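Residue-level structural notes
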Amino acid sequence: MNHGLELRPSPLLPDGPRDRSVLVGAPQGFDLLRSLRHAKRVRMAVAFGHMSGWRQVESVLAESKAEQIDVLLGQAFFQTEPELLYKLLNLCKNSTGPKFRAKLASIDSTFHPKAWIITGDECSEAIVGSGNLSEGGMVRNVECGLYTREPMNVAALEQWFDSQWALGSPLERSHELYIQKYKNLEQFKKGLRAKLRNAESEIADREASWRRKDALAKAIQYWNTEDGKAAVEQRRSAILRMRDALGYPEYNFTGDDWNTFLRIPELGRIRLGHAAKTIASIARLKSVLTKLKDRVLSYESAVDSLIGIPGIGRNLATKLVVVQSPTENVAFNEPIERALQSFGYPSPDGEFSGSVYRQLIRELSPFIEECEVQGLDRAAALDAFFYSYAIEQNLLPRQNPSSGASSSPAPEEATAILALVEPQWLNQALNELRDGKPEIYFGTDSLRVGPAFEIEPRSVYFKVTGKPEVVARAEFAGITDRNPAGKRLQGFANDAKWKYYYGFRSLINLETPVPLSELRDRNGGHIRNDLSGSCVISDPDL
C-alpha cells in the first residue's frame, strides 16, 4: 500500500512541467505553495538564491500564517544575487506578519544543500533535492527532490539546519562585504566575457578567410606528383645532412660544423652574416639542443630559448627543432609564411614565440594528419609544398639591386645556375657519379658568395662549352669554403686559386639536349649564367 503517496514524480510547483523540476514521494495532491501558506514555521537552506526563484514563493510567504521564516543562503562562487539580499534585508527589518530571518552560510567550506523544512499544525514535512532557489531550480531545469514526513527524518533535518544556522552570519552584518566582492567579480566577468567574444570573433574571421581545405587539396595533389615526391625526398635527405653537421644526437658540433649546417638551403635559407654571433654562444646553443633532446624543454619552450640566442630568428629556431624531430615539427620561413598568407592565414601579431609556433602547428593539423596517412615526414612535406606554391604563385619578394645588396638573383630566381663545362669533364663527372661516388665538387671564385651573396642553388644545369644547349642537370649537395677532405674535386677557375667548392649528386645526362633559350627550372626559376671557365682536373692546393 502506498498510503496515498504519489507513485510517479509530481512537479515541484503545481503549474510546473512534469519532466523538469520534480518531487518524488509526495502524497497525492501535495501542493508546496499551499503548505508554505499554512505552515507554522518555514526553514530553507540553499546553495544560492536568485530573484527569479524568490518570485515563485514571494507572495505565498508574505501571506503565510508562519510565525517565523528562516532563509540560509550560500556564498560560494558569489552566485546569490545582491537584489535578493536587499529584499530579504528589508523583510528582516520591516516584516509585520511572519518574522523573517536571513543569514549567509559560513564560508569555511562550500555550502551546497537544497532543503526545505515546513512545520505544520498536524505534521512536519521536508524536501531535500537538487534545485536551488531560482526559476531554473524550481521550474525549468531537470531537478529532482525527495519528499518526507517521517518524523525521524524531519527531526534529523531540523537538527542539521540548526547547526548550520548557528555557523552563519546575520545578513545585516555580512551583506555589504559580500555584495562588494560580488560586484568586483561581475566586473571581472564582464571584461572576461568581452575578451572571449573578441577571441571568438577573431577565430570566426580567421576561419572564414583561412582557406584551409583549398590549401590541403593542393598539397595532396602536389605530394602525389613526381616533382612533389622528389622535393619531399630532397628535404628528408637534407635533414639527415643537417643532423650530421650538428653531430646529432650528441650535438658535438664545432663552429665550422655550424657554418656547414647554415649553408644547407632546404627548409629555409639562412643569412650567414650573424653566424659569428651564434658561434660565440655555441655552448648555450648546445645546452638548449641537449635539453630539447632529453625532453627537459618542450618544443615551444625550445623555440623561445633558441630565439634568445644571438643570430637565431624564427626560421633558424624552427629549423633546429625540426632537426630534433622532423616528424613532430614544422619549419616556419618566409616562403611558408607567404604561401599561408595567400590562403588567408594571417601572420601572427607581434614577435614570433613558442606560443605562436604552437598555434601554427595547431592550424596545420589537417596537413599533419595527411602527412601521417601518406607516411611523409611533416617537416619535409610541408616545406616542399608551401615553397613550391610560393614559387609557382610568385609570392616571394624580389631583391632590389639598387639597394646596395648583391645584384645576384633573389631566392626564387636562384633555383638553377648555368655552368659551362668542357665535354671531357662532363663525361668524366657523369661516369664517376654513376660508378657510385656519392658527391663531386668543383671550385670557383667567379660566383660571389658569403655575406654579399647567401643564396645557394638547388640545382645546376651544365652546358658544354661552345654549344647553345644544356646537356646535363645535377642536384645541389652543399657548399664549402675549404677543401673538403676526401672529396673528388673538379671545377672551374679564372685564376689559380679557388675560394669555394660546390657539391653535386645525381648528375643526369639529359636524353634530349635542351636549347638554352627555352630552359627554365622545373619551378619556373630563371637560369643564370654565373659560372664560366675551363675544366680543371684537380685542385692546385692539394
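Refer to the structure presented above.
Residues numbered from 1 in each chain as written. Predicted model: local features only at pLDDT ≥ 70, side-chain atom pairs only at ≥ 80, totals over all residues. Heavy atoms only, no water.

Some words on the overall build of the protein
Spelled out, the test is: Going along the chain from the N terminus, every DSSP run of H or I of four or more residues is numbered as a helix, and every run of E of two or more is numbered as a strand. Buried means the residue's accessible area, taken with a 1.4 Å probe over protein chains only, is under 20% of the maximum for its type, while exposed means over 50%, and partly exposed covers the values in between. Here, two residues are considered to be in contact whenever any of their heavy atoms come within 4.5 Å of each other. Each accessible area is a Shrake-Rupley result for a 1.4 Å probe, and residues are judged covered by the shown protein chains and nothing else.
Across its full length, the protein carries 18 helices and 15 strands. Taking all 542 residues of the protein together, 49% fall into the buried category. In the protein, once contacts between residues fewer than 6 apart in sequence are set aside, the share between residues at least 24 apart is 75%. Taken as a whole, the protein presents about 26,300 Å² of accessible surface, with 49% of it coming from carbon and sulfur.

Structural notes on the side chain of Ser 353
Note the following rule: Side-chain atoms alone can form a polar contact between residues adjacent in sequence; in general such a contact is a pair of N or O atoms within 3.5 Å, and within protein one must be able to donate a hydrogen while the other accepts it.
Mapped onto the fold, Ser 353 is located in the loop between helix 14 (334-342) and helix 15 (354-363). By relative accessible area, which is 18% here, Ser 353 ends up buried. In terms of polar contacts, Ser 353 uses its side chain to reach the side chain of Ser 355, at 3.0 Å.

With respect to the packing of aromatic side chains
The criterion, for reference: Only centres within 6.5 Å qualify two rings of Phe, Tyr or Trp (six-membered ring in Trp) as a pair; their planes then separate them into stacked at under 30 degrees, edge-to-face at over 60, and tilted for everything else. Placement of a positive charge over a ring is assigned whenever Lys NZ or Arg CZ falls within 6 Å of the ring centre and within 35 degrees of the normal to the ring plane.
Under the definition given, this model contains 16 aromatic pairs. Their ring planes at 65° and their centres at 6.4 Å tell us that Phe 352 and Tyr 357 sit as a pair that is edge-to-face. A residue is classified by how much of its surface remains accessible, and Phe 352, at 14% relative accessible area, is buried. What links up through ring pairs into an aromatic cluster is the set Tyr 222, Trp 223, Phe 343, Phe 367, Phe 385, Phe 386 and Tyr 389. One cation-aromatic arrangement involves Arg 243 over Tyr 248; the distance from NZ or CZ to the ring centre is 4.0 Å.

Some details on the nonpolar core
For the record, the criterion: Throughout, nonpolar core names a set of buried Ala, Val, Leu, Ile, Met, Phe, Trp, Tyr and Cys residues whose side chains join them through atoms within 4.5 Å.
If you look at the biggest cluster of nonpolar residues, it comprises 70 residues, and the most contacted ones within it are Phe 261, Leu 306 and Leu 320. For this core, the element with the highest residue contribution is helix 17 (residues 378-392), accounting for eleven residues. If near-sequence neighbours (up to four positions away) are discounted, Leu 306 is found in contact with Leu 285, Val 288, Leu 289, Ile 312, Ala 317, Leu 320 and Val 321. Of all hydrophobic cores here, the second largest spans 40 residues; its members include Met 51, Leu 85, Val 139 and Tyr 182.

Overview of the sheet that holds strand 9 (residues 169-170)
Operational definition: Being paired, for any two strands, means DSSP has found at least two bridges between them.
With respect to topology, nine strands assemble into an open sheet ordered 1-2-8-7-6-3-4-5-9, the strand pairing being mixed. The strands lining the two open edges of the sheet, one partner per strand, are strand 1 (10-11) and strand 9. Two elements, strand 2 (residues 21-24) and strand 8 (residues 143-148), share four bridges in a ladder whose sense is parallel. Bridge pairing links Val 22 to Cys 144 in strand 8.

Section: the environment of Pro 249
The residue Pro 249 is located in the loop between helix 8 (226-246) and helix 9 (255-262) in this model. Owing to a relative accessible area of 31%, Pro 249 belongs among the partly exposed residues under this scheme.

Some details on the pairing of strand 4 (residues 68-73)
Inclusion rule: For a crossover, the right-handed case is the one in which the path from the first strand over the helix to the second runs clockwise, viewed with the strands pointing away from the viewer.
For strand 4, a buried count of five out of six residues is recorded, marking the element as mostly surrounded by other parts of the structure. As for the winding sense of the linkage, the β-α-β connection from strand 3 (residues 41-46) through helix 2 (residues 51-63) to strand 4 is right-handed. For strand 4 and strand 5 (residues 99-104), the ladder comprises six bridges, and the chain directions are parallel. Residue Asp 70 lies in a different strand from strand 5, and its bridge partner there is Arg 101. Following the chain from strand 4 across helix 3 (residues 82-94) to the adjacent parallel strand 5, one finds a crossover that is right-handed.

As for the environment of Val 464
Assignment of secondary structure puts Val 464 in strand 12 (residues 459-464). The exposure class assigned to Val 464 is buried, which follows from its relative accessible area of 7%. Along the backbone, Val 464 and Leu 426 are 38 residues apart, and their C-alpha atoms lie at a distance of 7.9 Å.

Description of helix 7 (residues 212-223)
For clarity, the cut-off: Expected helix span is taken as 1.5 Å per residue step, with the number of steps being one fewer than the number of residues. Summarising the geometry, the arc corresponds to the directions from the helix axis toward the C-beta atoms.
With twelve residues, helix 7 should cover 16 Å at 1.5 Å per step; its first-to-last C-alpha distance of 16 Å lies within 8% of that length. Within helix 7, the full set of buried residues consists of Arg 212, Ala 215, Leu 216, Ala 219, Tyr 222 and Trp 223. Taken end-on, helix 7 shows its buried residues confined to a sector of 125°, consistent with a single buried face. Structural note: helix 7 exposes Lys 213 and Gln 221 on the side pointing more than 90 degrees away from its buried face.

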